[in-house]
Amino acid sequence: MIGNSDASAIRGTNVEEKEGKDVSRRKRKHRRRWLGWLIAAAIMIGLLATLTFGFALAGPVLRPRIVRALERHFNSDVELHAFHVSLFPTFATGDGLALRLRRPGNPMMIAVRHFTIEGGMLGLGFLRDPIHVRRVVLEGLEIHVPLHQPASDATAQAPPGKPSIDFIVDEIDAGGTRLEILPVEPGKHSLVFQIKNLRLQSAGSHTAMTFQTVLINAKPPGEIVSHGTFGPWQKDDPGKTPVQGAYTFRNANLAVFHGISGHLSSDGRYNGKLERINVEGTTDTPDFMVDTGDHPLDLKTQFKAVVDGTNGDTTLDPVNARFLHSSVVARGGIIDQPGPLGKRVTLDVTVDHGRVEDILNLAVKSKSPVLRGDIAFHAKFDLPPGDAPIPDKLRLDGDFGIRASRFTNKEVERKISSLSTHASGKPDAPLDLGTASHFSGHFRLRDAVVSFSKLTFDVPGAAVLLKGSYGLRTEILDFRGELRMQATLSQSTTGVKSFFLRALDPFFKKKNTGTVLPIRITGTRSSPSIGLNLWHGKD
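Residues numbered from 1 in each chain as written. Predicted model: local features only at pLDDT ≥ 70, side-chain atom pairs only at ≥ 80, totals over all residues. Heavy atoms only, no water.

**Topic: the overall build of the protein chain**
Of the regular secondary structure elements, the protein chain holds 6 helices and 24 strands. Buried residues in the protein chain amount to 41% of all 539 residues. Carbon and sulfur atoms form 60% of the exposed surface of the protein chain, whose accessible area is close to 30,200 Å². (Helix = DSSP H or I, 4+ residues; strand = E, 2+ residues; numbered from the N terminus. Buried < 20%, exposed > 50% of the residue type's maximum accessible area, 1.4 Å probe, protein only. Areas by Shrake-Rupley, 256 points an atom, 1.4 Å probe, with all protein chains shown as cover.)

Okay, here's the thing in structure tokens:
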């Protein structure tokens, strides 16, 4: 039998053995943990070494790939001053990127002062076709676009049979961009856009990209916000590149066009190709004013246009404008021409149902229009470029007719009614202050002076035929013509005057007309002078 002391010794031995095993197990576990950390550290060191070595080689590998991709896509010679690849914070940066056209003179097409490339998965998108990067940020971007390639230019093409390097960029951001579209025709002006913000998505070699942009419009000044799709770029004929989108233009100050003022807003949509963009939109100028009229009014338009994105020339067909109670329809173009910087506006303008008081509110400074009535006219509108005020350089040539008009001044109405009764041979008849007047004639506007030929003014019993001019700025009247009355001189009055005027009737009577008197109208709009022009009746 084993005694108590022996049993205790055995138990003590077992405990010691168990504790020793636990210690040994913990030591082995600790050694395995350290070994795992050492292996992980070795892997990380190897990976970092590989990445460091890879990034050290990436620059020389990726730089020519980027250059070749740009050369083939834009068919250009590419210069790249500096290119750096890094792990943090971005994948790659570059300075002094320039694309030059392969044609005589090697002109610049694209220049970028500095760019940043952000790639996914350490830029591995560069190692496969197509090249694929997540984001590119461009600083100091300038674009000079020649949209037509001269037939005589032997531009270098990619070698036949050698595939081009495609690329995809998920997003491009550029601020402070200058876009210049070079003229196709000699003597024309470049079309220049200052772009405040530009963002492109899904830019690639063979895909249409979406864009959001804010353009700085020079005249009238303001920001045009636009979004849409552009591309794919047609490098052999850039004018065929598709584009579509929408725009908004707010609070543009028209006062930069000397002679008019107001704040214009516009909304519209466009689609087509660069050389032919179809645009539909509206404008609203709630405070439009011509300085010769000094009466602000709400001018609204709806328009359809075709814009040549290669030079900015625009065909309008039609523009429907409305102000007060009058509507105007215009068709024509806004075309660049050699000479002063700017475009010439030529329109065919028609008013079928307008009000003469609305036209006078536009053109004449007076608290109330001197005449009210229906007006219709057709005119050729020609606004050449230049810095002169619009009323001084605008040219109009057309015909007009005013029907059933009445003068707003009661004293003038009384004189018109008196003329009608005397010319009709009814000098004792009561005056009709509602006598309607009719006007018609041909007019020309040059240097803020309106010249009239074949100007006629009709009331019952009398017709006035005039030619002369009116100064929009000076308000000076200078008209010569004749007054034709249905009655003879003696019939136009009563009493002793009638008796003595019988002797003069033969001198002023003409075939089928009672009396023809040469007259003149001079003075100013506010103080006209009307009298006989006996010595210059044939002027």
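And the narrative resumes.
**Quick look at unusual backbone geometry**
Gly-231 connects to Pro-232 through a cis peptide bond whose omega is 5°. Within the secondary structure, Pro-232 is located in the loop between strand 8 (222-230) and strand 9 (242-253). That bond from Asp-317 to Pro-318 is cis: its omega, -5°, falls within 30 degrees of zero. Positive phi is not limited to glycine here, since Ala-404 has a value of about 50°.

**Some remarks on the pairing of strand 15 (residues 326-336)**
Bridge analysis of strand 14 (residues 314-323) against strand 15 gives 8 bridges, and the strand direction is antiparallel. When the bridges of strand 15 are listed, Ala-321 appears paired with Val-328. Between strand 14 and the antiparallel strand that follows it, strand 15, lie 2 residues; Leu-324 among them carries a positive phi value of about 50°. The pairing of strand 15 with strand 16 (residues 343-355) spans 8 bridges and is antiparallel. Its bridge partner lying in strand 16, Ile-334 is registered against Val-345. (Pairing = 2+ DSSP bridges.)

**Focus: the confidence of the model for the protein chain**
Of all residues in the protein chain, 76% attain a pLDDT of 70 or more, and the chain-wide mean is 78. When the elements of the protein chain are averaged for pLDDT, helix 1 (residues 4-74) gives the smallest value, 59, and strand 11 (residues 263-273) the largest, 93. (pLDDT = per-residue confidence, 0-100.)

**Notes on the packing of aromatic side chains**
Under the counting rule described, the total for this entry stands at 5 aromatic pairs. A ring pair is formed by Phe-452 and Phe-479, whose centres lie 5.9 Å apart and whose planes are at 40°; its orientation type is tilted. Within this pair, whereas Phe-452 is found in strand 20 (residues 449-459), its partner Phe-479 is found in strand 22 (residues 476-485), the two being separated by 27 residues in sequence. Phe-479 gets classed as buried once you look at its relative accessible area, which sits at 7%. (Phe/Tyr/Trp six-rings, centres within 6.5 Å; stacked < 30°, edge-to-face > 60°.)

**Quick notes on the nonpolar core**
Counting residues in each nonpolar core, the largest one holds 99 residues, and the members touching the most others are Phe-83, Leu-97, Phe-115, Ile-117, Leu-138, Phe-288 and Phe-400. Per-element accounting of this core gives the leading share, 6 residues, to strand 4 (residues 131-146). (Core = buried A, V, L, I, M, F, W, Y, C linked by side-chain atoms within 4.5 Å.)

**Notes on the pattern of salt bridges**
Under the defined criterion, the tally for this structure stands at 24 salt bridges. In this structure, Glu-482 and Arg-484 form a salt bridge, with 2.6 Å as the shortest nitrogen-oxygen distance. When its relative accessible area of 35% is taken as the criterion, Arg-484 is described as partly exposed. Beyond isolated ion pairs, a larger network of salt bridges with shared partners links Glu-118, Arg-134, Arg-135, Glu-171, Asp-173 and Arg-199. (Salt bridge = Lys/Arg side-chain N within 4 Å of Asp/Glu carboxyl O.)

**A few points about the pairing of strand 9**
The sheet contact formed by strand 8 and strand 9 spans 7 bridges and is antiparallel. Of the residues in strand 9, the one forming a bridge with Thr-229 is Gln-244. Where strand 9 lies against strand 11, 10 bridges are found, and the strand directions are antiparallel. Note on strand 11: the bridge partner recorded for Gly-245 is Tyr-270.

**Side note on the side chain of Glu-482**
You can see Glu-482 is positioned in strand 22. At a separation of 2.6 Å, a polar atom in the side chain of Glu-482 contacts the side chain of Arg-484. Residues within four places of Glu-482 in sequence aside, it is in contact with Ala-463, Val-464, Leu-465, Val-516, Leu-517, Pro-518 and Ile-519. (Polar contact = N/O pair within 3.5 Å; in protein donor to acceptor, adjacent residues only side chain to side chain. Contact = heavy atoms within 4.5 Å.)

**Section: the side chain of Ser-326**
Assignment of secondary structure puts Ser-326 in strand 15. Looking at Ser-326, its side chain comes within polar contact range of the main-chain nitrogen of Arg-355, at 2.8 Å. Filtering out sequence-adjacent residues up to four positions away, Ser-326 remains in contact with Ala-321, His-353, Gly-354, Arg-355 and Asp-358.

**Observations regarding helix 4 (residues 410-423)**
Taking 1.5 Å per residue as the helical rise, helix 4 with its 14 residues ought to reach 20 Å, and the 20 Å between its terminal C-alpha atoms agrees with that figure. Considered for burial, the residues of helix 4 that qualify are Glu-413, Ile-416, Ser-417, Ser-420, Thr-421 and Ala-423. Buried residues in helix 4 make contact with strand 18 (395-407), strand 19 (437-446), strand 20, strand 21 (462-471) and strand 22. Positioned one or two residues after helix 4, Gly-425 has a phi angle of 80°, which is positive. (Expected span 1.5 Å × (residues − 1).)

**Considerations on the environment of Ser-498**
Mapped onto the elements of the fold, Ser-498 is located in helix 5 (residues 495-501). Linking Ser-498 and Thr-488, residues 10 residues apart in sequence, is a C-alpha distance of 9.7 Å. For Ser-498, the residues in contact, after removing those within four places along its chain, are Ser-490 and Thr-493.

**What about the environment of Ser-226?**
Considering the arrangement of structural elements, one finds Ser-226 in strand 8. Taking the C-alpha atoms as reference points, Ser-226 and Leu-198, 28 residues apart in sequence, are found 9.7 Å from one another. Setting aside anything within four residues of it in sequence, one finds Ser-226 in contact with Phe-211, Gln-212, Thr-213, Ala-246, Tyr-247 and Tyr-270. Separated by 2.5 Å, the side chains of Ser-226 and Tyr-270 make a polar contact.

**Topic: a nonpolar patch on the surface**
A surface patch of nonpolar side chains, amounting to about 360 Å² of accessible area, comprises Val-496, Phe-499 and Phe-500. The class of Val-496 is exposed, set by a relative accessible area of 58%. (Patch = residues over 30% accessible without salt bridge, like charges linked within 9 Å, V, L, I, M, F, W, Y side chains within 5 Å.)

**Some details on the environment of Leu-466**
When you line up the elements, Leu-466 lands in strand 21. Along the backbone, Leu-466 and Arg-480 are 14 residues apart, and their C-alpha atoms lie at a distance of 5.5 Å. Not counting residues up to four positions away in its chain, the partners in contact with Leu-466 are Ser-453, Lys-454, Leu-455, Phe-479, Arg-480, Gly-481, Ile-519 and Ile-521.

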